[in-house]
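Report on the structure
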Amino acid sequence: MTHSISVTVNGATRQAEVEPRQTLVDFLREQLGLTGTHVGCEHGVCGACSVLLDGEPIRSCLMFAVQTDGHEITTVEGLREEDGALGILQDSFWETHALQCGYCTPGMLIAGQDLLTRNPNPSDEEIREAIAGNLCRCTGYLQIVDAIRLAGARMRQAPEALGTEAGDV
Amino acid sequence: MKAAAFDYTRAESLDDVLDLLRREGDEARVIAGGQSLVAMMAMRLARPTHLIDINHVDALAGVAPAGHHVIIKACTRQTAAMASDSVRRDAPLLAAALPHVGHIQTRNRGTIGGSLAHGDPTAEILLTAIALGARVTLASTAGARELDITDFSIGAMETSIREDECLAEVHFPKPPAGLSVGAAVDEISPRAGDYAVIGAAAEIGLTEDGTCKHIRLGVSGAAPVPVLCAPTMEALMGTRLADSDIDEAAHLITPLLSPESDVQASAAYRLRVAPGMLARATKAARDRAKTHQERGAGSGAT
Amino acid sequence: MSETPPRRFVSTKRRPKEDGRFITGAGHFVADIGRPGMLHVALVTSPHPAARIASVNTSEALAMPGVVDVLTGDVLAAATNPLANAVDTPGVKCYPLANGVARYAGEWIAAVVAESRALAEDAAELVDVEYKSLDHVIDAEEALEPTSPPVHEDHGSNILYRRTFTWGPVAEDFAGQPHELPFKLRWGRSAPVPVETFGVVAEWDMGTEILDVWASIQMPSYAEQIATALRIPVNQVRAHYDVDVGGSYGVKRGIKHTVLTGFLARRLGRPIRLIEDRLENMIGGDMHGPDRHFDVAVAFDDDGLIKSMKLRVIEDVGGQTGRAPFQLGKPVSAIVGAYQINSVEYEAIAVSTNKTGQAAVRGFGMSPTNVAIESAVDKVARHLGLSRLEVRRRNFIRADQFPYLIPSGSEYDSGDYQTVFKKALDLADVEALLARRDAARRDGKIAGIGIATCLEPGGGNSAFEPLLNPKNETTTWPESCVVKVDRTGGITATIATSTSGQGHETLAATIIGEELGIDPNDIRVVHSDTLSGLPGNTPVASRMAIMLGGAAAGAARKIRDQAILIGAHNLGRTTDQVRYENGAVTALDDPSLSLSLSRIALISHREFHNMPPELTEPGMQAVHVLQVPKGGTLPTADGRVQMYPCYSFAAHIVYAEIDRLTGKVSLPEYCIAHDCGTVINPDIVRGMVIGGAAHGIGAALYEEFSYEPGGQLLSGTFVDYVMPSSHEVPDIKLAEHCTPSPLTSHGQKGVGEGGYLGAPAAVASAINDALSPFNIECLTLPMRASLLSDLLADQPAETES
């Protein structure tokens, strides 16, 4: 038996029919075609499935799509600027090569975006704490920390960029 | 790892929840944060046929001081509890425990009550509840009943909740007034944020001259459920909490421990480490209480 | 390479091309691929470590709505050939689904195919399998015994491979030295475990008779092995290399997944998808790593000069065989590490047990071997009361000795170990670090400094194949690149491999750009499939900078030569009267006479009347297929052969503290100096070194596939298989050195594995230094907190510097 849900994803309201057991990550990927969010473990450890729910990072493998009726989701696809340009954090990831295979990257971007929204000038320790729930097997994290630090510095120089991203966070 | 099929209801009120629980019995299960439940469902270790979503029941969320307790509604997010002034001021041990609970993503959904209802014996929130002697309120269509946490958490992954009940509130006792209070939670886990192998919780209240007049201690990971360290509490109450006294008194918990070996650590490890972690947490809590004294803050955790 | 011309693109900081799609979530991973009518697979797995399969009742599962098929092992085995074995073991037959006997808990027994993954999992629970439990063996030493329960009955024993190599006068050297130290070392089973599991989509086109395969793959001879198993011609298989792979580090070898899916695709006439869930991956995916028991002995003199070494290693391969035993072979290529050891005896044994199978892990066996070598060096120093730094300096191969021939037959191409070592020590400020350690110890802390060097053989001359299996007479390991310039001057390169984060597109574009004087950002790089692509051996063995770099350079140089011919002809000059520079051909006597590459390309495509007589083929395209340098010879009878052309080197210095109570290890300081020859892209190289070190820290301290005596895997989820997070990997400082390889296009060597080869040895060294005041040592990896705490618990608190 399916349920009707109405959920706003990256600023656009979507109506869908979902089976209760369909997780949010599977819904985003398979029904909405937003394949940027990735499945890594399906038991809430790796963080590859991280998205923003009402502006806060969560593990989308630990939530059922049916629960998101009336809520707002931001995925990695929603992190671009309104004009389609790369967000400062995304661009900073490119600048420091904060990724290799790219699989954990959307989750890392979500975690990083959340941190910089709450704390525009984080210490390296705070950065590491913010991404502690996201596993990366490629980079050893250093270049990711570099990217988030760089993004913070760039955002502080451009205050209007603070908290600005495409999507309705 | 797709969950077995189930029916789903989003409850709008507590009555919705209780009504469904009464009607469906053990086929139905409440879902709060889902951080433990959904993972178990993905592995098909849990297979409820009906999920009752309580995340939109306003009556089940919120923090409010009430007399000698802080009452935290069961579906209060861990993040919200961390940010609550009430919690920081009146439940300092819980405030000390929460940063150890999982990660940012899990705390944004995970709830205070959900952690207790799940019954994970390594959970820091359960450790805190036992250390403080918290009480829980269980609601059903037949009314509400209040239980001591030790009567609620009766075994590893086992609570005494009835089929038709929903955990509604957790009452954390406030530290007594007039003392300088410090709280600390320390743990050893494979990684920061992982399930604790050994956890220790300490809440200390000092008089102006540094005498301990309030002490609540708990240890997890060395028994089926977290253990209230009563012998250590008794031995240290009224003392000035010298390091050597703490070290010695910590070992008094050994007869209370019945650890098991698992893939993370042996029973011998747990038996050896538990008193040491307890001593560390106790010293840290004492030092925080002293810091508050020097600042003239009165009470509260760092 | 006598003189390095100034470089515009190689070795300069450039943003890797690939990153652009991943930061926007626009990667193209296998789970992102949907094919019309696609069906989904879930596996039924064995609960027993060893059991005869008495019956499989699929009727209830088949009756479920949405279920299309349930495939059992007997049907699959009758219709396919067994999966390839590395070593000569004809009695060992492994199939994707167990056929008659289950060989480990978690092995795949049956495959359910349904309209959705969830339905397939529902139906998998309804498949009723009757087992007759057999005795099992999960201890490698026990598996050596002829009385151990046979994992592969027809093979006759559990020993898959056993050979002792003696290179040089080992007995004589041992007899002639005043000192001898034997010890044992245990490398616990771990693996790089990528965040993306293995996945494959297979689709059979009846019209063209092509089996299309999209997979998260990193595997040489992929199409060939699929074809052999499915009994179809190789050119009926089209594996698509343009699928992004979410990390591999060697292990994404899902040949059983692919054969299974390919078979189902042909059988059912619909596209089939198998994406491992994490449980299938950890327990049944056959992507575990080395699981080794070492017996080591070194013979040395009073100055700590190591004359000879004996290494006996038992590798527990598990219940599936595949390529795993070859993982004993790669270490032969650098069997003496960085040291002038005169002779080596190497006894390599591979055994079967009732555990999950093994795949090739980053370094292909070199990392555990390096722990053995470096531990030996540390022990020599400790035994003689000499500095571990000094003993290494005394034993290092000297800069003036290159190329250096090691006893097992490989020649190290270039290096300067003393200089790189010194850079590491300077970077770490080792004097200050020693002072810090000693102060910490006086404070009652348990602290140690770890030192390790490692050789990173690169280039993928996989001569361990004929070495360990004389029936396998392979001496060719190629890589190819096609470069074409279209009529507008647009440059496109095609590479014949998949990529899992190594930045091959950036690599190829940078080198081609360097050769053609064109900005790499303007060079498009695409991945072929196995039908349209040229020979390649995929990114294994730290080979792509060397091999793909060389192929790309070769193809680009051919384009340049074509451009010079066309340009000179159209400028009215001879070829030695013009110069190719910065994307144009210019007359030497008149710089204003110049033709751009795009103009030249247009001529080649459209203006045959302007083509020089030497060039009769229109267009501008070049193919280069590179054979691995110094490859092409078979091993000698006593097992000597050149393996790997290029040898990178690194030195790791790490400071560790161990919490006396909990055994928890922290790594406040970590420094690496590395030499990978010419660096093509600095940020990619940095990522490889640090990422490899992070993997190594995981293997040294945290990760283990633990089995209980009943044969069940205890750490089959991410809850119990613990991988380092951002809190467990420290800040790692890097220093660089460059000894170019004389064998490669730009002096580049490999760098994908070195971090992983050095870190476990360095961390083990630090832990043992920390434990040494207590006269205890730990030679079991991973050195988890509980293990260290247990070791320390028996010791009274002692402070001795």
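Every value quoted in this text rests on a predicted model; they were computed, and no experiment measured them.

With that settled, consider the overall build of chain A. Summing up its helical and strand segments, chain A has five helices and five strands in all. Beginning at the N terminus, the succession of helices and strands in chain A can be written as β-β-α-β-β-β-α-α-α-α. In summary, chain A has a C-alpha radius of gyration of 15 Å against a globular reference of 15 Å for 169 residues, a match within 12%. Counting the 169 residues in chain A, one finds 64% classified as buried. Restricting the contact set of chain A to residue pairs at least 6 apart, pairs at least 24 apart contribute 64%.

Residues and elements named next belong to chain C. The domains assigned to chain C are domain 1 (19-26 + 478-627), domain 2 (33-134 + 195-247 + 253-284) and domain 3 (292-463 + 634-793). Centre-to-centre separation of domain 1 and domain 3, based on C-alpha positions: 39 Å. At the interface, 17 residues of domain 1 touch 21 residues of domain 3. Of all the elements in the fold, those that place two or more residues in the side of domain 1 that touches domain 3 are helix H15 (504-516) and helix H16 (544-571). With six residues, the single largest contributor to the side of domain 1 that touches domain 3 is H16. Here the side of domain 1 that touches domain 3 is composed, by residue class, of eight nonpolar, eight polar and one charged.

This brings us to the interface of chain C and chain A. It is common to give the size of an interface as the accessible area that goes away when the parts come together. Listed by partner, the interface residues are 46 residues for chain C and 42 residues for chain A. Elements supplying a minimum of two residues to the side of chain C that touches chain A: helix H1 (19-22) and helix H18 (682-701) of chain C. If one sorts the elements of the side of chain C that touches chain A by residue count, H18 of chain C sits on top with nine residues.

Another point: the confidence of the model for chain A. Put simply, chain A has an average pLDDT of 94, and 93% of its residues get 70 or more. Within the model, pLDDT remains below 50 along residues 162-169 of chain A, and this stretch shows 24 contacts once partners closer than five positions in the same chain are excluded.

A word on the domain arrangement of chain A. Residues and elements named next belong to chain A. Each domain of chain A was delimited in the assignment, giving domain 1 (3-78) and domain 2 (88-161). Distance from the C-alpha centre of domain 1 to the C-alpha centre of domain 2: 22 Å. Contacts between the two partners involve 13 residues from domain 1, matched on the other side by 11 residues from domain 2. When residues of the side of domain 1 that touches domain 2 are traced back to their parent elements, those giving at least two are strand E3 (50-53) and strand E4 (56-59). Here the residues of the side of domain 1 that touches domain 2 sort into seven nonpolar, five polar and one charged.

Bringing helix H12 (residues 417-428) of chain C into the picture now. Residue and element names in this part refer to chain C. When the terminal C-alpha atoms of H12 are compared, their 16 Å separation across 12 residues agrees well with the 16 Å that a helix rising 1.5 Å per residue should span. Taken residue by residue, H12 has Tyr417, Val420, Phe421, Lys423, Ala424 and Ala428 as its buried positions. What you see down the axis of H12 is that its buried residues fit within an arc of 155 degrees, all on one side. On its buried side, H12 packs onto helix H11 (388-395), helix H13 (430-442), strand E18 (446-458), strand E26 (646-658), strand E27 (665-675) and strand E28 (733-737). At the exit of H12 stands Asp429, carrying a positive phi of roughly 50 degrees.

What follows concerns the sheet that holds strand E20 (residues 491-495) of chain C. All names here are of chain C. Read from one edge of the open sheet, four strands run E21-E20-E19-E25, paired in mixed fashion. Edge positions in the open sheet fall to strand E21 (523-527) and strand E25 (620-627), since each of these has one partner strand only. Sheet twist, expressed as the mean angle between neighbouring strand axes with direction ignored, is 20 degrees. Pairing geometry for strand E19 (residues 478-485) and E25, over eight bridges, is antiparallel. By the bridge assignment, Ser480 is partnered in E25 with Val625.

Our next topic: the nonpolar core. Val112 and Ala493 of chain C are the most contacted members of the largest nonpolar core, which has 425 residues in total. Residue contacts for Ala493 of chain C: discarding those within four places in its chain leaves Cys481, Val482, Val483, Ala508, Ala509, Ile512, Ile523, Val525 and Ala552 of chain C.

Quick look at the confidence of the model for chain C now. Any residue range with low pLDDT should be treated as having predicted coordinates unsuitable for detailed reading. Chain-level statistics for chain C give a pLDDT mean of 96 and a share of 99% at 70 or above. Taken together, the chains of this predicted complex give a pTM of 0.97 and an interface ipTM of 0.97.

What follows concerns the interface of chain B and chain A. Contact residues are listed per partner, giving 24 residues for chain B and 20 residues for chain A. At the level of elements, strand E1 (7-10), helix H2 (37-42), strand E3 (50-53) and helix H6 (104-107) of chain B are the ones that each hand at least two residues to the side of chain B that touches chain A.

Right, let's get into the pairing of E26 of chain C. Look at any regular strand and the pattern is simple: side chains alternate between the two faces of the sheet. Residues and elements named next belong to chain C. When you tally the buried positions in E26, you get 13 out of 13 residues, the bulk of the element. Taking every second residue as pointing to the same face, both faces of E26 are buried, with Cys646, Ser648, Ala650, His652, Val654, Ala656 and Ile658 on one and Tyr647, Phe649, Ala651, Ile653, Tyr655 and Glu657 on the other. With 13 bridges connecting them, E18 and E26 associate as antiparallel partners. In the strand pairing of E26, Pro457 is matched with Tyr647. With nine bridges connecting them, E26 and E27 associate as antiparallel partners. The residue of E27 that forms the bridge with Ala651 is Ala673. Hairpin connection between E26 and E27: a loop of six residues separates the two successive antiparallel strands, and Gly663 in this loop has a positive phi of roughly 80 degrees.

Another point: the packing of helix H2 (residues 88-96) of chain A against helix H3 (residues 105-118) of chain A. All names here are of chain A. Look at H2 against H3: their axes get within 10 Å of each other, and the N-to-C directions meet at 125 degrees. Between H2 and H3, the crossing angle belongs to the class labelled oblique. Along this stretch, H2 crosses H3, giving a crossing that reads as right-handed. Contacts from Leu89, Gln90 and Phe93 of H2 reach H3 at Thr105, Leu109, Gly112, Gln113 and Leu116. Residue classes in the contact of H2 with H3 are distributed as four nonpolar, four polar and no charged.

Residues and elements named next belong to chain B. Pairing in this open sheet of three strands is parallel, and the strands run E1-E3-E2 from one edge to the other. The strands lining the two open edges of the sheet, one partner per strand, are E1 and strand E2 (28-31). Taking each pair of neighbouring strands and ignoring which way they run, the sheet shows an average axis angle of 25 degrees. Where E2 and E3 come together, four bridges link them in parallel fashion. Directly across from Val30, in E3, lies its bridge partner Ile52.

This part covers the environment of Ala553 of chain C. All names here are of chain C. Along the chain, the position of Ala553 falls in helix H16. A sequence separation of 359 residues divides Ala553 from Pro194, and the C-alpha atoms of the two residues are 31 Å apart. Excluding residues within four positions of it along the chain, Ala553 makes contact with Ile511, Glu515, Ser745 and His746.

What follows deals with the packing of helix H10 (residues 366-384) of chain C against H11 of chain C. Residue and element names in this part refer to chain C. Contact pair H10 / H11: the axes reach a minimum separation of 9 Å and the direction vectors enclose 115 degrees. Read as a crossing pair, H10 and H11 show a hand that is right-handed. Counting all contacts with H10, which are made through Val377, Asp378, Val380 and Ala381, the residues of H11 involved are Arg388, Val391, Arg392 and Asn395. In the contact of H10 with H11, the residues fall into four nonpolar, one polar and three charged.

Of all seven residues making up strand E9 (residues 199-205) of chain C, six are buried, and the element is well covered by its neighbours. What sits between E9 of chain C and strand E10 (residues 210-215) of chain C in their antiparallel hairpin is a turn of four residues, with Glu209 of chain C showing a positive phi close to 55 degrees.

Its 20 residues place the ends of H18 of chain C 28 Å apart at the C-alpha level, agreeing with the 28 Å of an ideal helix rising 1.5 Å per residue. For H18 of chain C, the tally of buried residues reaches 19 of 20 residues, placing the bulk of the element in the interior.

Residue and element names in this part refer to chain B. Tracing the backbone shows Glu12 in the loop between E1 and helix H1 (14-24). Residue Glu12 is classed as partly exposed on the basis of its 13 C-beta neighbours within 10 Å. Spatially, the C-alpha atom of Glu12 lies 9.6 Å from that of Ala59, the residues being 47 residues apart in sequence. Setting aside residues no more than four positions away along its own chain, Glu12 makes contact with His56 and Val57.

Cut-offs and rules
Residues numbered from 1 in each chain as written. Chains lettered and ligands numbered in written order. Predicted model: local features only at pLDDT ≥ 70, side-chain atom pairs only at ≥ 80, totals over all residues. Helix = DSSP H or I, 4+ residues; strand = E, 2+ residues; numbered from the N terminus. Rg over C-alpha atoms; globule rule 2.2 N^0.38 Å. Buried ≥ 20, exposed ≤ 12 C-beta atoms within 10 Å, placed from the backbone. Contact = placed C-beta atoms within 7 Å. Domains from an automatic or database assignment. Nonpolar A, V, L, I, M, F, W, Y, C, P; charged D, E, K, R; others polar. pLDDT = per-residue confidence, 0-100. Expected span 1.5 Å × (residues − 1). Arc of directions from axis to C-beta. Pairing = 2+ DSSP bridges. Axes fitted to C-alpha atoms, helices over the stretch in contact; angles between N-to-C directions. Core = buried A, V, L, I, M, F, W, Y, C linked by C-beta atoms within 7 Å. Parallel < 35°, antiparallel > 145°, perpendicular 65-115°, else oblique. Left-handed = near helix turned anticlockwise from the far one by under 90°.

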